[in-house]
Amino acid sequence: MKALAWIRTNLFATWVDAAITLACIWVVWRFVPPLLDWTIFKAAWLGDDRSACGAGGACWVFIRARFDQFMYGLYPSSQTWRIDLAGALLVVFGTWAGWRRLPGKRYAIPALLVVYPFIGLWLLLGGFGGLPYVETRQWGGLMLTVFMTVYSGIFAFPLGVLLALGRQSELPVIRTISVAFIEFWRGVPIIAVIFLASLLLPLILPINVDRLIRAVVGLTLVIAAYMAEAIRGGLQAVPKGQYEAAAAMGLGYWRATILIVLPQALRISLPALANEFIALSKNTTLVLIVSLFDLLGIVHAASADPKWVGYNVEGYVFAGTIFWFACFAMSRWSASLERRLGAARSH
Amino acid sequence: MSPALRRWFYDARVRAWISQAAVAGAMFGTIWYFVANASENMVKAGIASGFDFLWRTSGIDVPFKIVDYTPQNNIVDLLWVGVANTLLVSLLGMALATILGFLIGIARLSKNFLLRSLATGFVEFVRNIPLLLFVFFWYFGVIRALPPPRDSFAAFDTFFLNNRGLYVPAPTEGHPFAAVSIAFAIGVVLFLALRVWAAKRQASTGKAFPIWAAGTALIVGVPLAAAIVVALTTSWNVPVRGGFNFRGGFVLVPEFVALLAALVTYTAGFIAEVVRGGILAVGKGQKEAAASLGLSPGQTLRLIVVPQALRVMVPPMTSQYLNLLKNSSFGAAIAYPEIVSVFMGSALNATGQAIEIIAITLAIYLIAGLAVSMFMNWYNSRIALVTR
């Protein structure tokens, strides 16, 4: 009876409602069974090549056959444990910094932002300390996506903080420079920035810069500008009394900012920062246009292989699923953070 | 240090100037260093500089254009082709994404469980997937996988969709679009005049005028009537099936259709959230107050809810429009000839003048973005809450 009442109020409250419900049921019925057939019931799961793929269903054999490539790019298969280890360390450091119940919070964020980048880079690149050198040309797949997202995020964070402070500064020259810098990188498309970095960096620097570094520099500049705006929101939300109290205690600008204002501002802007980070991690896929093959790029390239031509939709579904779960998890984390910080502030 | 020098050194104003001079100096120093390197490297590589190349014959063919252009034209004309293509896909995308986004945003607030869930599912799906994946999916997964021209999908025997794009009728002579735009402008002017008159009449007699029904009739009806009249009077070049392909009409290439579909479906997910947030931001008490004044639900929506929701929605909508404008550059990934693709891609490859071309491209985006945000800011200030 309860179920019936629920159906009445939620699905058939009025005639219009009933019509909408029927239309929705029709849409679901029209699309969901064929979709399930394609992805699961009629799909081919086992085999080694395309002869295993039947008609009418997805060919997941393609993903199985190319799985290592999608994860590691052209990284030598004897060395992929280094990527796994770097990834595991990232999870460890990330959990330490992001989960509030773990001890040693004071050291977690510096460790993630300063110590981890060196360990990770050494593991991936090698060249000394017993690890053979793997040039960035061989990097690709999901590891490249994660690498670019994490490293541009790590480099962009301090730059974003400085830009946000610069934009709030009382000194006109510094404010103007910061505003111009932020608005410039926010106003142009990321794809143009990636082109710009890949074309201009070799021109304006005396040394030749690695292709991957160029892409990371381009992404960093853009992410920093977006992060600066998120942090500015946090800075504006810090009550003015906090500055005045710091000044009354005799603290100068830098000490007041670092000890009193920034910790509060960053706490407030953390959810917004996380959202910017998610949005921009999706845009790392654009490095495809300078022939760097991140997860989406390598899936796309693999589906152009004559051996597997015609299975690109399977590839997109696979890449899309990974992106979806990663971004969804991050956005849920950011939403819970927002709720928690909001609750903490309302006391 | 002598006391006078000391006092001077600890003066806040002096310190401010010193730090600003240091930052500006460091910045100009870096720029100077980059420019010096660039000119040295350019001399080494034998790259010319200057903007003369813009007037050279381009020699580049563009498969899709809405302005007159041939490879014999110069590079400025090529740039203009890219700008026109960018604006075409962006403006059309903004209009369609707004409509779809509003529908989905309102559906998310529906009392109907099924409709609400479907809309929520769509938004969650869209927001967590890279736009490039949408573009690839629509291009390689959908449009390219459509049947060949022989088995096109047809609507009214005038519109045809197949793996070579969307075939639409094209006017052979006259300017039907100009006529419709003029009709639209007339409709808007009449509507504004009517609104002033209706407000005056209501102030003096208290009688309300069905201004929104009349407004819809004027703004939608007048251009529609004009469109019908024009469509019947101008001669149209309708695509006809012939052999293996179509003859006549205008072809919207697969790249255009796929990019537009991707931009619309992706941006609509974000606009839906803006719309939902805007409507939720209007307090429940506002609706109750309106009801207690005796306003009908329609009047409440029109006079109380929408104006307040718009105030919340306009700034985030502005950034969605700007994003869409910038995201039209994703067309470069499937070779839709927009600015980045034809200018930073083809023209740069042909001339090698990286710095000039990059500067022009970025300037165009900055100017276009500025125009969009100026328009939206003007609109925002018009509807903003007046506080005293």
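Keep in mind that what you see is a predicted model, and the values were worked out from it rather than measured.

Student: If you had to explain the overall build of chain A to someone new, which residues and values would you point to?
Tutor: Helices and strands together make up the secondary structure of chain A, namely 13 helices and 0 strands. Each helix (α) and strand (β) of chain A, taken in turn from the N terminus, gives the series α-α-α-α-α-α-α-α-α-α-α-α-α. Across its three principal directions, the C-alpha atoms of chain A cover 75 × 65 × 40 Å. Relative to its full complement of 347 residues, chain A shows a buried share of 44%. Put simply, of all contacts in chain A between residues at least 6 apart along the chain, 65% involve residues at least 24 apart. Of the roughly 18000 Å² of accessible surface on chain A, 69% is carried by carbon and sulfur atoms.

Student: Could you give me a rundown of the overall build of chain B, with the residues and numbers involved?
Tutor: Assigned secondary structure in chain B consists of 12 helices and 8 strands. At 27 Å, chain B has a C-alpha radius of gyration far larger than the 21 Å of a compact globule built from 388 residues. Projected onto the principal axes, the alpha-carbon positions of chain B cover approximately 80 × 75 × 45 Å. Relative to its 388 residues, chain B shows a buried fraction of 39%. Summarising the internal contacts of chain B: among those between residues at least 6 apart in sequence, 67% fall at separations of at least 24. Computing the positive centroid from 28 side-chain charges and the negative centroid from 15, chain B places the two 17 Å apart.

Student: Could you give an account of the sheet that holds strand β8 (residues 250-252) of chain B, with specific residues and numbers?
Tutor: Residues and elements named next belong to chain B. Within the open sheet, the 4 strands sit side by side as β1-β2-β3-β8. Their pairing is antiparallel. Of all strands in the sheet, those with a lone pairing partner are β1 (153-155) and β8, marking the two edges. Within the sheet, the average angular offset between the axes of one strand and its neighbour, ignoring direction, is 20°. Here strand β2 (residues 159-162) pairs with strand β3 (residues 165-168) via 3 bridges, running antiparallel. Its bridge partner being in β3, Phe160 is matched across the sheet by Tyr167.

Student: Before we move on, could you go through the nonpolar core and cite the residues and values that matter?
Tutor: With 159 residues, the main nonpolar core has Phe70(A), Trp139(A), Phe256(B) and Phe343(B) as its most contacted residues. The leading source of residues in this core is helix α9 (residues 211-237) of chain A, at 14 residues. The residues contacting Phe256(B), other than those within four sequence positions of it, are Phe64(B), Leu88(B), Val89(B), Leu92(B) and Tyr336(B). One finds Ile104(B), Ala107(B), Val123(B) and Ala272(B) within the second-largest nonpolar core, a separate group that totals 5 residues.

Student: Outline the pattern of salt bridges, listing residues and values.
Tutor: Considering all chains together, one arrives at 8 salt bridges over all chains under this definition. Here Asp305(A) and Arg66(A) are joined by a salt bridge, their closest N and O atoms 2.4 Å apart. Taken together, the residues span a long stretch of sequence, with Asp305(A) in the loop between α12 (295-302) and α13 (312-346) and Arg66(A) in helix α3 (residues 61-72) at a distance of 239 residues. With respect to class, Asp305(A) is no different from Arg66(A); both count as buried. With a shortest N-O distance of 2.4 Å, Arg108(B) and Glu273(B) are connected by a salt bridge. Here Arg108(B), found in helix α3 (residues 75-108), pairs with Glu273(B), found in helix α8 (residues 254-280); they are 165 residues apart in sequence, far enough to count as distant. Of the residues examined, Arg108(B) reaches a relative accessible area of 12% and is grouped as buried. What emerges from the salt-bridge pattern is a single network uniting Arg167(A), Glu183(A), Glu229(A) and Arg232(A).

Student: Give me the lowdown on the packing of helix α7 (residues 172-187) of chain A against α9(A), citing residues and values where you can.
Tutor: All names here are of chain A. Where α7 contacts α9, the two axes come as close as 8 Å, and the packing angle between them is 115°. Here the hand of the crossing between α7 and α9 comes out left-handed. Facing Phe181, Ile182, Trp185 and Arg186 of α7, the residues of α9 in contact are Leu221, Val222, Ala225, Tyr226, Ala228 and Glu229. Here the residues of the contact of α7 with α9 are counted per class, giving 8 nonpolar, no polar and 2 charged.

Student: Describe the interface of chain A and chain B, with residues and values.
Tutor: In this complex, chain A contributes 51 residues to the contact, which on the side of chain B involves 47 residues. Carbon and sulfur atoms make up 76% of the area that chain A and chain B hide from each other, which totals about 4300 Å². Where chain A touches chain B, the interface holds 13 residue pairs in polar contact (both at pLDDT 80 or more).

Student: Mind laying out the side chain of Arg82(A), listing which residues take part and the relevant values?
Tutor: All names here are of chain A. As for its position among the elements, Arg82 is in helix α4 (residues 80-98). Despite its burial, Arg82 pairs with no opposite charge; the closest candidate is Asp84, at 11 Å N-O. Within the structure, the side chain of Arg82 is placed 2.7 Å from the backbone oxygen of Leu123, a separation counted as a polar contact. Within the local environment of Arg82, its side chain forms a polar contact with the backbone oxygen of Leu124, the two atoms lying 3.3 Å apart. When residues no more than four places from it in sequence are discounted, the contact partners of Arg82 are Tyr75, Trp122, Leu123, Leu124, Leu125, Gly126, Leu131, Pro132 and Val134.

Student: Provide a residue-level description of the packing of aromatic side chains, including the pertinent values.
Tutor: Residues and elements named next belong to chain A. Per the stated rule, a full pass over the model turns up 26 aromatic pairs over all chains. With a centroid separation of 5.9 Å and 80° between ring planes, the pair formed by Phe62 and Phe70 is classed as edge-to-face. With centroids separated by 6.0 Å and ring planes inclined at 65°, the aromatic side chains of Phe181 and Trp185 adopt a geometry described as edge-to-face. Placement of the pair is Phe181 and Trp185 together in helix α7, with a separation of 4 residues, close to one helical turn.

Student: Which residues make up the packing of α7(A) against helix α12 (residues 354-383) of chain B, and what are the values?
Tutor: Any two packed helices are characterised by the angle at which their axes cross and by the distance between the axes. At their nearest, the axes of α7(A) and α12(B) sit 9 Å apart, and the two run at 95° to each other. Taken together, the axis directions place α7(A) and α12(B) in an arrangement best described as roughly perpendicular. Judged by residue contacts, Glu183(A), Phe184(A) and Gly187(A) of α7(A) engage Leu362(B), Tyr365(B) and Leu366(B) from α12(B). Considering only residue class, the contact of α7(A) with α12(B) consists of 4 nonpolar, 1 polar and 1 charged.

Student: Describe a positive patch on the surface, listing the residues and the values that go with them.
Tutor: A surface patch of positive charge is lined by Arg100(A), Arg101(A), Arg267(A) and Arg340(A). Tracing the backbone shows Arg100(A) in the loop between α4 and α5 (105-125).

Student: I'd like to hear about a nonpolar patch on the surface, residue by residue, with values.
Tutor: Taken together, the side chains of Trp26(A), Val27(A), Val28(A), Trp29(A), Phe31(A), Val32(A), Leu36(A), Ile40(A), Phe41(A), Trp45(A), Leu46(A) and Leu118(B) present a nonpolar region at the surface, about 1200 Å² in accessible area. If you tally residues by element for the nonpolar patch, the top one is helix α2 (residues 15-41) of chain A, at 9 residues. Take Ile40(A): it is sitting in helix α2. Exposure remark for Ile40(A): the relative accessible area of 42% places this residue in the partly exposed category.

Student: Tell me what's going on with the confidence of the model for chain B, and back it up with residues and numbers.
Tutor: Confidence along chain B averages 83 in pLDDT terms, with 95% of residues attaining 70 or more. The ipTM, which scores confidence in the relative placement of chains, is 0.87 for this predicted complex, and the corresponding pTM is 0.85.

Student: I'd like a description of the pairing of β3(B), backed by residues and values.
Tutor: Residues and elements named next belong to chain B. Hairpin geometry of β2 and β3 is characterised by an intervening segment of 2 residues between the two adjacent antiparallel strands. In this structure, β3 lies alongside β8, joined through 3 bridges in antiparallel fashion. Its bridge partner being in β8, Val168 is matched across the sheet by Phe250.

Calculation criteria
Each chain carries its own residue numbering, running from 1 in the written order of its sequence. Whichever chain is written first becomes A and whichever ligand is written first becomes 1, with later ones labelled in order. Restriction of local features to residues with pLDDT of at least 70 applies here, the model being predicted, together with a cutoff of 80 or more for giving and counting side-chain atom pairs; totals for whole chains, interfaces and linings are based on all residues. As a rule here, side-chain values cover all heavy atoms of the structure and leave hydrogens and water aside. Runs of E in the DSSP output that reach at least two residues are strands. Runs of H or I that reach at least four are helices, and both are numbered from the N terminus. Only protein chains enter the accessibility calculation, which uses a 1.4 Å probe; a residue whose area is less than 20% of its type maximum is buried, one above 50% is exposed, and one in between is partly exposed. Any two residues whose heavy atoms approach within 4.5 Å are treated as being in contact. Only the protein chains shown count as cover for residues, and the accessible areas themselves come from Shrake-Rupley with a 1.4 Å probe. For a compact globule the rule gives 2.2 Å times the number of residues to the power 0.38, and the radius of gyration it is set against comes from C-alpha atoms. The charge count treats Lys and Arg as positive and Asp and Glu as negative. His and the chain ends do not count. Think of each charge as sitting on NZ of Lys, CZ of Arg, CG of Asp or CD of Glu. Pairing between two strands requires that DSSP report at least two bridges joining them. Where helices are involved, their axes are fitted lines through C-alpha atoms of the stretch in contact, as for all axes, and angles between N-to-C directions lie from 0 to 180°. The definition of a nonpolar core used throughout is a set of buried Ala, Val, Leu, Ile, Met, Phe, Trp, Tyr and Cys residues joined through side-chain atoms within 4.5 Å. Throughout this description, the term salt bridge denotes a Lys or Arg side-chain nitrogen within 4 Å of a carboxyl oxygen of Asp or Glu. Whether a crossing is left-handed or right-handed is set by the direction in which the near helix is turned from the far one by less than a right angle, anticlockwise for left-handed and clockwise for right-handed. The classification used treats Ala, Val, Leu, Ile, Met, Phe, Trp, Tyr, Cys and Pro as nonpolar, Asp, Glu, Lys and Arg as charged, and all other residues, Gly among them, as polar. Two parts placed together each lose some accessible area; with a 1.4 Å probe, that loss summed over both constitutes the buried area. Between N or O atoms, a polar contact is any pair within 3.5 Å; within protein, one atom must be a potential hydrogen donor and the other a potential acceptor, and residues adjacent in sequence are included only when both atoms are from side chains. Centre distance within 6.5 Å is the pairing criterion for rings of Phe, Tyr and Trp, where only the six-membered ring of Trp is used; planes under 30 degrees apart are then read as stacked, over 60 as edge-to-face, and the remainder as tilted. The cut-offs work like this: below 35 degrees is roughly parallel, past 145 is roughly antiparallel, 65 to 115 is roughly perpendicular, and the gaps in between are oblique. Patch construction takes residues with relative accessible area above 30% that form no salt bridge. Like charges are linked within 9 Å, and nonpolar side chains (Val, Leu, Ile, Met, Phe, Trp, Tyr) are linked within 5 Å. One confidence number per residue, pLDDT, is output by the predictor and ranges from 0 to 100.

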